Amino acid sequence: MPMIRIRKITEAHSDAGKAAVAEAQAILRAQFGALDEADIAKLPEQLGDPFTYRFVSELLIAEDARGKTKAFALVMHDPALRFTYLDFIATAPGATGGGVGDALYSRVRDDARARKSIGVFFECLPDDPALSPEPKIRRQNAARLKFYERYGARPITGTRYETPVSPDSTNPPYLVFDGLGTRGLPKARVLRQIVRAILERKYGDLCPPDYIALVLRSIRDGAFGLRAPRYLKDDIAPAAPAPAKAAAIPLVINDRHDIHHVRERGYVEAPVRIASILSELDKSGLFRRQPARHFGDRHIREVHDGGLVDYIERACQEAPLNRSVYPYVFPVRNPQRKPKDRSVLAGYWCIDTFTPLNRNAYPAARHAVDCALTAADLVLQGAPIAYALVRPPGHHAERRAFGGFCYFNNAAIAAQYLSAHGKVAVLDIDYHHGNGTQDIFYERDDVLTCSVHGHPRFAYPYFTGFRDERGRGRGAGFNFNLPLEETITPAIHRAAIDLALKRIARHAPRFLVLAVGFDTAQGDPTGTWPNRASDFEALGRMIGAAGFPLVVVQEGGYRVRTLGVNARHFFQGLAHGLAEAKPVAAPKAASPAPARARPQFRGAVGIADVEAIRRMVIATGKFSADEVAIAVELAEERIAKGRASGYSFVLADIAGKLAGYACYGPTPGTETTFDLYWIVVDPAHQGSGLGKALLTRVEGAVRAAGGRAVYVDTSSTPAYEATRAFYRNTGFAVLATLPDFYRPGDGKVILAKTLPPPEAAPGAGARSRSLAP
């Protein structure tokens, strides 16, 4: 079977949610021509408003390896009655076969098991000639019933459910029940409640109260049952994947962690930690191992300064064989002057003296990032929970600094990855404050950071983690620290976690990233708290019961003797809590923005634009750390000096967010020549014509200022061919190429465009350096 990826969609206000809903609606229109358009149009509301529709609705989208939608299922859950209702399952035109139906229905069953559902209920048109007299339609109905019978799903007999609402109608549906391989039909009292819920909520406008009462009266103990198998030879239908296997938690292990083994200075962050945890997790039966995928460096650079990333990589490559370099000199007095020697430079980028750089630190830390992102992507696809078991840890790594055994902030990188699909919360329950995560998101309101930790009066990192650190700018109120005393009880610890979970609930995130540390255990060499295995199980149960899709990223925990047992109990509690949780409904969306919102252009650069520009330039994946720093520096200089800086901007906002910008200015020493320094378009808007619109506005502003020519420089490498083509197609000509200008094999291409005078211009408008397709 070709690779099928199944994503779970629970809202329709993000770009990903809107696109998925539109795909499902297109399939409904194509495959169900008689379906009322109002029923198709209400799909976004169903996902976002469980109170009105009285079901928690989810959309499962099945895609092939190229991301093309092959099928979808609309699944509705009733947490109170504990049943799952499959409303639609349909393939795109021409997409039948290839196992997509099996994959999608198996996923429906897996999710129902994970929710502890009584079973899956759905309707199928009848294969009885008395109810379906047209042979062609009846054959199609029989094929569907045969498909589901392979899973043990069969029509419920002995009730009046298939009684036509109108006496002259044909093909009234059967109600089909799938007990998921472990359950039989519920008792009559429960089945009546379920049937009432289906008929009133889904067909309330079609089924009059007398009809519903007729059906309900027919459901009596001893009078109903499942139809005998009709299409399979054996009485027992072959089961789909076993429940324990299907509900298993994806476990992504950093299989390269053990190369980072420091055998000096009593280094407690050792490979045996992972082995200790794994030995106990394997006993639990909760997990299935999932290999890590490789993700590009841009995900790291979106949260870490490019200079830090480059330094760690190069310093580790150049470290002496079998030796570590430790920071020992710190730039307290003159941080603007960086030393050249890499061993001395360690203190410029590090916050302590005990986090080493060696040849294995970078590859181990880099693969830990891949593990965290793989776990995040699995949750994005619909897994309720995924665990990245990694070392080295990451939560002490700040945007511009490493330390505390941490090089890259795995939890923050996972949170940043998920933040493109909705609001995120990060809960850090390590004994030590997650200073890095706080630093990275301190000025953002889309990612809430919560940390429950030992008070910095006595606990590392000592200088952050205070209660009054609440965020800054847009992030004010979105950082929540709960520092606790050196000696506490497990009950006090749980009460603090409960406060953090309440704050998270108010944020209403779509995803929760849990930075889990087991160094709050009794006897941990780096902590002072008394948690035992049963306490960790209680903590896990609390967090699981919150009901958020969860990415767990391993941080600390250093008492190897009890580390594995504590981890196993924590995840047992987490699994129980998750199974008992009431599903968290996606926040109700505001009125959706138009599918093709028009860009709004402006010239003023604000403080918030600086970070937006940095993220956008990094997101293109084309620029070095130095180039990113230059882009930020030009924006900051424009803010500080205004027109005197020599830099002017055109910025384009779409739906309230920066989607692209251009930076230009007069060429020093000339009267009518301008340089175009940057044009960058967010990857989400590339190909929309936004780059040309920015360039047109730049040219209009240059003409208005008396300019007659615009010059631009770009790279000669193949990666920039699209950029060069963009300029050629918009009237620029190549004047010269300077070989090896930037580095060997990377030359500078100089292009220019002569502008007509204002009176000769075809019309005022508004439309560089790098990525502007």
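About the thresholds
- Residues numbered from 1 in each chain as written.
- Predicted model: local features only at pLDDT ≥ 70, side-chain atom pairs only at ≥ 80, totals over all residues.
- Heavy atoms only, no water.
- Pairing = 2+ DSSP bridges.
- Helix = DSSP H or I, 4+ residues; strand = E, 2+ residues; numbered from the N terminus.
- Contact = heavy atoms within 4.5 Å.
- Axes fitted to C-alpha atoms, helices over the stretch in contact; angles between N-to-C directions.
- Parallel < 35°, antiparallel > 145°, perpendicular 65-115°, else oblique.
- Left-handed = near helix turned anticlockwise from the far one by under 90°.
- Phe/Tyr/Trp six-rings, centres within 6.5 Å; stacked < 30°, edge-to-face > 60°.
- Buried < 20%, exposed > 50% of the residue type's maximum accessible area, 1.4 Å probe, protein only.
- Lys NZ or Arg CZ within 6 Å of the ring centre and 35° of its normal.
- Polar contact = N/O pair within 3.5 Å; in protein donor to acceptor, adjacent residues only side chain to side chain.
- Expected span 1.5 Å × (residues − 1).
- Arc of directions from axis to C-beta.

Caption draft 1: Up close: the sheet that holds strand E2 (residues 56-63). The mixed open sheet is built from eight strands, whose spatial order is E1-E2-E3-E4-E5-E7-E6-E8. Only two strands of the sheet have a single neighbouring strand rather than two, namely strand E1 (5-9) and strand E8 (225-226). Relative to E8, strand E6 (residues 154-157) runs antiparallel, the two sharing two bridges. Counted as the bridge partner of Thr 157 is Gly 225 from E8. The sheet strands contacting helix H1 (residues 15-31) are E1, E2, strand E3 (69-78) and strand E4 (83-91), and the helix crosses E3 at an angle near 100°.

Caption draft 2: The arrangement of the packing of helix H7 (residues 188-203) against helix H8 (residues 209-217) in detail. The interhelical angle for the contact between H7 and H8, taken along N-to-C directions, is 155°, at an axis separation of 10 Å. Relative to H8, the element H7 is oriented roughly antiparallel. Our pair here, H7 against H8, has a crossing hand that is right-handed. From H7, Arg 192, Val 195, Arg 196, Leu 199 and Glu 200 reach across to H8, where they touch Ile 212, Val 215 and Leu 216.

Caption draft 3: Geometry of the packing of aromatic side chains. Considering all chains together, one arrives at 30 aromatic pairs under this definition. Consider the rings of Tyr 727 and Phe 732, whose centres lie 5.3 Å apart with planes at 65°: the pair is edge-to-face. Among the residues examined, Tyr 727 registers a relative accessible area of 0% and is labelled buried. Since its relative accessible area comes to 5%, Phe 732 is described here as buried. An aromatic cluster is defined as three or more aromatic residues linked by ring pairs; in this entry it consists of Phe 287, Tyr 387, Phe 518, Phe 536, Phe 570 and Phe 571. Across the ring face of Phe 55, the terminal group of Arg 201 is positioned such that the distance to the ring centre comes to 4.9 Å. The positively charged end of Arg 503 is found above the aromatic ring belonging to Phe 478, 5.7 Å away from the centroid.

Caption draft 4: Quick look at the environment of Ser 117. Of note, Ser 117 is situated in the loop between helix H5 (100-114) and strand E5 (120-124). Apart from residues lying up to four places away in sequence, Ser 117 is in contact with Arg 82, Phe 83, Thr 84, Ala 112, Leu 180 and Arg 183. There is a polar contact of 2.7 Å between the side chain of Ser 117 and the side chain of Thr 84.

Caption draft 5: Spatial organisation of the environment of Ser 218. For Ser 218, the position within the fold is in the loop between H8 and E8. Ser 218 sits in the buried class, given a relative accessible area of 8%. A C-alpha to C-alpha distance of 5.1 Å links Ser 218 and Thr 159, two positions 59 residues apart in sequence. A polar side-chain atom of Ser 218 sits 2.9 Å from the main-chain amide nitrogen of Arg 160.

Caption draft 6: Inspection of the sheet that holds strand E22 (residues 733-743) at higher detail. One open sheet accounts for seven strands, arranged E17-E18-E19-E20-E21-E23-E22; its pairing is mixed. Two strands bound the open sheet, and with one partner strand each, they are strand E17 (600-602) and E22. Geometrically, the sheet is characterised by an average inter-axis angle of 25° between neighbouring strands, direction not taken into account. Examined bridge by bridge, strand E20 (residues 673-681) and strand E21 (residues 709-715) share three bridges and lie parallel to one another. Paired with Thr 673 across the strands is Ala 709, a residue of E21. With respect to the sheet, helix H21 (residues 625-641) is in contact with strand E18 (648-654), strand E19 (657-666) and E20, its orientation differing from that of E20 by roughly 115°.

Caption draft 7: Highlighting unusual backbone geometry. Look at the link from Arg 391 to Pro 392: it is a cis peptide, with omega at 0°. Unlike most non-glycine residues, Arg 82 shows phi in positive territory, near 60°. Residue placement: Arg 82 occurs in the loop between E3 and E4. Its relative accessible area of 37% is what places Arg 82 among the partly exposed residues. Although it is not a glycine, Asn 171 adopts a positive phi angle of roughly 60°.

Caption draft 8: Focus on H1. For H1, spanning 17 residues, the distance from its first C-alpha to its last is 25 Å, which sits close to the expected 24 Å at 1.5 Å a residue. Within the span of H1, buried status applies to Gly 17, Ala 20, Val 21, Ala 24, Gln 25, Ile 27 and Leu 28. Considered in projection along H1, the buried side chains sweep an arc of 160° and stay on one side of the axis. Among the structural elements, E1, helix H2 (37-41), helix H3 (43-48), E2, E3 and E4 are those in contact with the buried residues of H1.

Caption draft 9: The side chain of Thr 730, seen in detail. Counting through the fold element by element, Thr 730 comes out in the loop between helix H23 (721-729) and E22. In this structure the side chain of Thr 730 is engaged in a polar contact, spanning 2.9 Å, whose partner is the backbone oxygen of Phe 726. At a separation of 3.0 Å, a polar atom in the side chain of Thr 730 contacts the main-chain carbonyl oxygen of Tyr 727.

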